[in-house]
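Residue-level structural notes
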Amino acid sequence: MARHVGKQKKEAVRTVGRKMTDTLMECTDLWKIYGKIIAVKDVSLKIREGEIKLVFGPSGSGKSTFLRCLAMLTTPTKGEVFLKGECLTRPGIDLNKARARIGFVFQHIWPFRHLTALGNVELGLRRVLKLSKKEAGEVAMQALREVKMEKWAHHYPGQLSGGQQQRVGIARALAMKPDIILLDEPTSALDPELTGEVIDTLRDLAKKGTTMLIVSHEMPFAREVAEEMIFFDEGTIIETGPPEQFFTNPKSERAKKFMARLIKRTKRE
Amino acid sequence: MDFLIKYLPLIFDGFITTVEVTIFGVLMGLALGILLAIADLYGGRIISTIIRIYVEFFRGSPLLIQLFIFYFAIPDLLHMRIEAFTVGLLIFSLNSAAYQKGYIKGAMEAVFEDQMTAGLSIGLSKAQAIVYVILPQALRLVIPAWSNEFCSLTKSTAALLVTGERELTAAGRQIAGLTFRILETWIFIAIIYLIWVSIMMKIVDIVYEKVKIPGIEISA
């Protein structure tokens, strides 16, 4: 039935908070305005199950804010966000439950500094998913294993490198078995060597079919895993297309200029 | 100082009162301080204003005047009598809470923004994030300030003298009056205060070291 809902019916369905579609996550006409500053301007996007999309663009272009709106970590000023057909922006929704279904990895890492790597991953399992201590421990350990951090399970963030902390951050999101993981420049706070280990982790996740929306400027990685790249500037989507389109012949002038700079930088590194 | 041996029970009684009021004051002050800090951060403008008035009153007025108000004036107004000891517990708790709220709020703000966002991102509610993420970090940052709290509160309890409560200073005055050995008596009493404060500061240090986590330290 999902695919045959007509446009006029869509509106009616939306009012009760569900929209039938094969899309995993979707946002429509999303805006975020702070006072006079328009951070996100009229963005619509669909992500299918298992798909990896990569958002890139100049800093300050609203990518982070956009991602936070999708994760409902900030409330969009206008527009709707859907996760598996459920409208997350409707009034009265249990936001905590919704957020638990969306993994989020932060640019500045933000581990819980008072908990060990294992404790970081366990917290959500115990307090949100209400698993027993034993179950949570097992699931958390498995998640740490997936990011190759099981050896450091009992270390505190202050005893780990930035790259290791970020892998714990990824495990923390992963362990909750989210429908999708949003990653906000997960490597930009790391030096090239540490970037490599985080990228390897993401590559593993990609192989396992994890649905991800990643903000990143790691171009070789993007080319390798992304089904679609999204060029973002001044709060909105300027151009979308497969990686090859951006690497060979971006359609918009702005994307062309930006890609040229990025490729030059990547080569230098 | 042989003469003091006779009065040791008196001194001991006074000391115990001082210790009780101090420990109760700091612990109640901590509990109240946490609630006030959270209310101040989340309660909106009206609650914040009320809290500010409360804090300014207790931090900004002399302890003696607070004691006069709570021990003499208010009971007089209400035609009732309150035990000096009870007033002591109340005043020192409220007093300590006014100071500790400041420390706790500051520490919560220091760890607040990123840790709250990270907590919300895994599906914790705001209240859960405060309990499981913000407070465990903020309280660790506050522990060193407790040394100060114990130190100043212990010394402040001497003001209970005006209520006639038999705390350590009152015991000293009584002994000095009975024996006329004024210098020895007061030096002895001062030494007891000093030892007690040093022990408490050492305990706070040990607690701080015990719960310390690499990465969560006061940066000098």
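Calculation rules
- Each residue is numbered by its place in its chain's sequence as written, counting from 1.
- Both sets of labels track the order of writing: A upward for chains, 1 upward for ligands.
- In keeping with the predicted nature of the model, local features appear solely for residues at pLDDT of at least 70, side-chain atom pairs appear and are counted solely at 80 or more, and the whole-chain, interface and lining totals rest on all residues.
- Here a helix means four or more residues in a row that DSSP labels H or I, a strand means two or more in a row labelled E, and each is numbered from the N terminus.
- Here a residue counts as buried when 20 or more other C-beta atoms fall within 10 Å of its C-beta, as exposed when 12 or fewer do, and as partly exposed in between; the C-beta atoms come from the backbone.
- Residue pairs qualify as contacts under a 7 Å threshold applied to their C-beta atoms, which are placed from the backbone.
- Only C-alpha atoms enter the radius of gyration, while the globule expectation follows 2.2 Å times N to the 0.38, with N the number of residues.
- When DSSP finds at least two bridges between two strands, those strands are taken to pair.
- For our purposes the nonpolar core covers buried Ala, Val, Leu, Ile, Met, Phe, Trp, Tyr and Cys residues that link as a set through C-beta atoms within 7 Å.
- Convention adopted: a line fitted to C-alpha atoms gives each axis, helices being fitted over their contacting stretch, and angles between N-to-C directions are expressed from 0 to 180 degrees.
- Every angle not falling under 35 degrees, over 145, or within 65 to 115 is termed oblique; those three ranges are roughly parallel, roughly antiparallel and roughly perpendicular.
- For any pair of crossing helices, the crossing counts as left-handed if the nearer helix is rotated counterclockwise from the farther one by less than a right angle, and right-handed if it is rotated clockwise.
- An automatic or database domain assignment is the source of the domain bounds shown.

1. Here we look at the overall build of chain B
From N to C terminus, chain B includes 8 helices and 0 strands. For chain B, the α and β elements follow one another from N to C terminus as α-α-α-α-α-α-α-α. The burial tally for chain B puts 35% of its 220 residues in the buried class. Pairs at least 24 residues apart make up 78% of the contacts formed inside chain B by residues separated by at least 6 positions.

2. Considerations on the overall build of chain A
Helix and strand counts for chain A come out as 10 helices and 10 strands. Against the 2.2 N^0.38 benchmark of 18 Å for 269 residues, chain A shows a C-alpha radius of gyration of 19 Å, consistent with a compact globule. Counting only C-alpha atoms, chain A reaches 50 × 50 × 40 Å along its principal axes. Buried residues in chain A amount to 46% of all 269 residues. A separation threshold of at least 6 residues defines the contact pool for chain A, and within that pool the share at least 24 residues apart is 65%.

3. A few points about the pairing of strand S3 (residues 52–56) of chain A
All names here are of chain A. Within S3, 5 of the 5 residues are buried, leaving the element largely enclosed by the surrounding structure. In S3, alternate side chains face the same way, and those of Ile52, Leu54 and Phe56 on one face and Lys53 and Val55 on the other are all buried. Bridge count between S3 and strand S8 (residues 212–215): 4 bridges; the pairing is parallel. What sits directly across from Leu54, in S8, is Ile214. The pairing of S3 with strand S9 (residues 228–233) spans 4 bridges and is parallel.

4. Thoughts on the nonpolar core
For soluble globular proteins, the rule of thumb is that nonpolar side chains tend to be buried together. Counting 117 residues, the largest nonpolar core has Leu144(A), Ala171(A) and Leu182(A) as its most contacted members. Contacts of Leu144(A), omitting those with residues within four sequence positions, involve Ala117(A), Leu118(A), Val121(A), Met149(A), Glu150(A), Ala153(A) and Ala171(A).

5. Quick look at the interface of chain A and chain B
Many structure descriptions define interface size as the accessible area lost when the parts assemble. Between chain A and chain B, the residue contacts involve 23 residues of the former and 20 residues of the latter. Breaking the side of chain A that touches chain B down by element, the ones donating at least two residues are helix H3 (95–100) and helix H4 (117–127) of chain A. When residues of the side of chain A that touches chain B are assigned to their parent elements, the largest contribution, 4 residues, is made by H3(A).

6. Here we look at the packing of helix H7 (residues 168–179) of chain B against helix H8 (residues 182–211) of chain B
Residues and elements named next belong to chain B. At a minimum axis separation of 9 Å, H7 and H8 run at an interaxial angle of 165°. In this view, H7 runs roughly antiparallel relative to H8, as classed from their interaxial angle. Along this stretch, H7 crosses H8, giving a crossing that reads as right-handed. Here Leu168, Thr169, Gly172, Ile175, Ala176 and Thr179 of H7 come into contact with H8, specifically with Ile182, Thr185, Trp186, Ile189, Ile192 and Tyr193.

7. Re the domain arrangement of chain A
Residues and elements named next belong to chain A. Domain parsing of chain A yields domain 1 (21–101 + 181–188 + 205–269) and domain 2 (104–177). Taking only C-alpha atoms into account, the centre of domain 1 sits 24 Å from that of domain 2. Each partner contributes residues to the interface: domain 1 has 11 residues there, and domain 2 has 9 residues. Considering every element that reaches the side of domain 1 that touches domain 2, the biggest residue donor is strand S7 (residues 180–184), with 4 residues.

8. As for the sheet that holds S3(A)
All names here are of chain A. Pairing is mixed in the open sheet, where 6 strands are placed in the order S6-S7-S8-S3-S9-S10. Of all strands in the sheet, those with a lone pairing partner are strand S6 (102–105) and strand S10 (236–241), marking the two edges. Here the strands of the sheet are splayed against their neighbours by 20° on average, with no regard to which way each runs. Those strands touched by helix H2 (residues 63–70) are S3, S7, S8 and S9, and its axis lies near 155° from that of S7.

9. What to know about the sheet that holds strand S4 (residues 78–83) of chain A
All names here are of chain A. The strand order across the open sheet built from 4 strands is S2-S1-S4-S5, with neighbouring strands paired in antiparallel fashion. This sheet does not close on itself; its edge strands, each paired only once, are strand S2 (37–48) and strand S5 (86–87). Pairing of S4 with S5 involves 2 bridges; the strand directions are antiparallel. Note that in S5 the partner of Phe82 across the bridge is Cys87.

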